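An overview of the molecular structure
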Amino acid sequence: MEFCSRYCCGFIWPGKKPIGLNTETLQFNVAVLRVLVEEAKILKANSSSSLKNNLGSRFFFIGLASLVWLLLRTGTKPSRIVYPCQRTALANASIWLAVYVLPLLGFIKPGKRTLAFSLIALAVAGGLVFVSFLRRAPEELKIEIQERIAELQLSSSIYVVTGGRGHFDDVRDLITLMGERGLKFYKSPTVSQVSGPDGLIAKDDVVIIKVNSQWNERGGTNTDLVKALIQAIINHPDGFAGEIVIADNGQAQYGSSGRGGSLDWDRNNAEDTAQSMEKVSQHFASQGYRVSTYLWDDITLRRVKEFKDGDLEDGYIVYDEPDSDTGVIVSYPKFRTKYGTYISFKLGVWNPSTKAYESEKLKVINVPVLKTHSIYGVTACVKHYMGVVSDRLTNHNPHNSVGTGGMGTVMVETRMPVLNIIDAIWINPHPRAGPATSYERAVKAGIIAASTDPVALDYWASKYILMQVASKLGYRDLSSMDPDDVSGRSFGNWLRLSMNELLRAGYFATVEESRINVFVKSRGA
């Protein structure tokens, strides 16, 4: 049965971490699993030598079928070699070739044996190089993003930049596009295309940039994008004199290290993979700007009281009772930054001198990476608030209540982001394969998209980015990422339950396409 778990189920890819099962792998391996179950039954009735003969004869056909499947499926489209079922077929076919083909060299005359062996070795080596190349350089899939104007007056707007890499020019184009359509990024008495009295970010604001930190490689928010966003903030037309904190709670569990999140991974989602969130913050701090990181994992097991109650210790505020609608136990961090600023995620910036909170001074920009999720289908803006709460202080209650709309409750009970920016530069479009996303499995879409409505943005991004890319990759069952599928605890269902929480609290949110504007700027156009 070890053979089954290591080679037939798609768990192992040489030199890589486990990738897990999905629908496509199961479709290919169900027959193999049935055979191996039968082998277990045979074990009770036959001798070990008889079992070996049975297993060997059956694997001959399994391996041969794997080779045929690999040639037929991958031969028509080589990029499919990164699919789970193709990896499984490759493993099975490799063993079959080693067991049944290479020994035939013994029957070849000595004079020709070397030539035959060399040709086979060359073919195998070439195949491995080819596969390695495909895995290290995933195909960039360009998808068509259509502009649309909402049919109904009460609506949400989504601003999209395509053809980007997360650089400053991409963020500048996004801010300009927002301004052209009436959403000013900079709050300023000076009225311009991108600034005005009703803008989002004032010159002296404290800005939390909420990122994904639990996973390295492409599972975390793109650090190039975060660097560009910080640059845009400090380019405030009135001169930025505030503070920026890059933060997240990887829950001190699970994740790429098994110990939760990190803002200083060795392998990051960026063109320079060594560029961590910590290095981004140091880049700006060295120029005299108040930019820092805070990994809430470090305080996620510490329950404290609010600053107004005389407790200045960093930690988590935890509600005493679960929410009556969604069942989530709300919690949120309060902490002191590197520069001595006291922040309550819910109540705002605490002034120790006046003993008062400045709520309007604290702004949250929510920057998730777009990817699939093994349990909840899609992780984007709403699911991203799992990095605000303490899952461990509440016995995993928040994660269990994502499916009942709990993250919508957390948003309205703590602090709504002033802007949500989806990082869809590199995405994980493989159904239920996330949230971990390796370099090899990620697909470059080259898109960033923003909205003040996290629900509308999640709806649109899953339908018009994730589903489009997954379809181009050959996946047929897209129900796990379909926002229009409202069955059970599906993504579409819990997204609507989260939306209801926002609506009850007085925030407008929608999944109706007739109420969604989509404005698009194509880089280079």
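Preceding this section is the structure that the text describes.
Here we summarise the structure given alongside this text. (Residues numbered from 1 in each chain as written. Predicted model: local features only at pLDDT ≥ 70, side-chain atom pairs only at ≥ 80, totals over all residues. Heavy atoms only, no water.)

1. Quick word on the packing of helix H10 (residues 406-413) against helix H12 (residues 491-504)
Formally: Note on definitions: angles span 0 to 180 degrees between N-to-C directions of axes, and those axes are lines fitted to C-alpha atoms, for helices only across the stretch in contact. Secondary structure elements follow DSSP: runs of H or I of four or more residues count as helices, runs of E of two or more count as strands, with numbering from the N terminus. Note on angle classes: values under 35 degrees are labelled roughly parallel, values over 145 roughly antiparallel, values of 65 to 115 roughly perpendicular, and the remainder oblique. A clockwise turn of the near helix away from the far one marks a right-handed crossing, whereas an anticlockwise turn of less than a right angle marks a left-handed crossing. Throughout, a residue-residue contact means that at least one pair of heavy atoms, one from each residue, lies within 4.5 Å. Residues were grouped as follows: Ala, Val, Leu, Ile, Met, Phe, Trp, Tyr, Cys and Pro as nonpolar; Asp, Glu, Lys and Arg as charged; and all remaining residues, including Gly, as polar.
Where H10 contacts H12, the axes come no closer than 7 Å and their chain directions differ by 25 degrees. Regarding the angle of H10 to H12, the classification is roughly parallel. The element H10 and its partner H12 pack so that their crossing is right-handed. The residues of H12 that touch H10, namely those facing Gly-408, Thr-409, Met-411 and Val-412, are Ser-498, Glu-501 and Leu-502. A class-by-class count of the residues in the contact of H10 with H12 yields three nonpolar, three polar and one charged.

2. What to know about the pattern of salt bridges
Put simply, the rule is: Basic side-chain nitrogens of Lys or Arg form a salt bridge, by our definition, when they fall within 4 Å of a carboxyl oxygen of Asp or Glu. Under the scheme applied here, a residue whose accessible area is under 20% of the maximum for its type counts as buried, over 50% as exposed, and between as partly exposed, the area being computed with a 1.4 Å probe on protein chains only.
Counted under the stated rule, the structure contains 22 salt bridges. Asp-170 is the partner of Arg-523 in a salt bridge, and the nearest nitrogen-oxygen pair spans 2.7 Å. Residue Arg-523 is found in the segment after strand E17 (516-522), and its partner Asp-170 is found in helix H6 (residues 168-180); the two are separated by 353 residues along the sequence. By relative accessible area, Arg-523 is classed as partly exposed at 30%.

3. What to know about the side chain of Ser-262
Filter applied, for reference: Here a polar contact is recorded for every N or O atom pair within 3.5 Å, except that within protein the pair must consist of a potential hydrogen donor and a potential acceptor, and residues adjacent in sequence are included only if both atoms are side-chain atoms.
Within the fold, Ser-262 resides in the loop between strand E5 (243-248) and helix H8 (277-285). Only 2.9 Å separates the side chain of Ser-262 from the backbone nitrogen of Asp-264, close enough to count as a polar contact. The residues touching Ser-262, leaving out its near neighbours within four places in the chain, are Ser-213 and Leu-295.

4. Some points on helix H11 (residues 454-472)
Selection rule: What a helix is expected to span follows from its residue count: subtract one and scale by 1.5 Å. One axis is fitted to the seven residues ending at the residue and one to the seven starting there. The bend at that residue is the angle between these axes.
Its 19 residues give H11 an end-to-end C-alpha distance of 26 Å, which sits within 8% of 27 Å, the value for a rise of 1.5 Å per residue. The largest bend in H11 amounts to roughly 35 degrees and is located at Ser-462. Where burial is concerned, most of H11 is hidden: 14 out of the 19 residues are buried. Among the residues of H11, the N-terminal cap falls to Asp-453, whose side-chain oxygen and the backbone nitrogen of Val-455 are separated by 3.0 Å. Gly-474 lies just past H11 and shows a positive phi near 100 degrees.

5. Some details on the nonpolar core
Rules: For our purposes a nonpolar core is just a set of buried Ala, Val, Leu, Ile, Met, Phe, Trp, Tyr and Cys residues, chained together by side-chain atoms within 4.5 Å.
Counting residues in hydrophobic clusters, the biggest one holds 71 residues, and the most contacted among them are Val-160, Ile-208, Trp-296, Leu-370, Trp-460 and Ile-465. Element by element, the count of residues in this core is highest for H11, at eleven residues. Among residues more than four places away in sequence, those in contact with Leu-370 are Val-378, Thr-379, Ala-380, Ile-422, Asp-423, Ala-424, Trp-426, Ile-427, Asn-428, Ala-461, Ile-465 and Leu-466. Counting residues in hydrophobic clusters, the runner-up holds 43 residues, among them Leu-183, Val-207, Ala-232 and Phe-519.

6. Things to note about H8
Structural remark: α-helix, 3.6 residues per turn; residues separated by three or four positions point the same way. Our working definition: What the arc covers is the set of directions going from the helix axis to the C-beta atoms.
Inspection of H8 places Met-277, Val-280, Ser-281 and Phe-284 among the buried residues, and these make up the whole buried set. When H8 is viewed along its axis, its buried side chains cluster within an angular range of 95 degrees and face the same direction. Considering only its buried residues, H8 is in contact with helix H7 (223-234), E5 and strand E6 (291-295).

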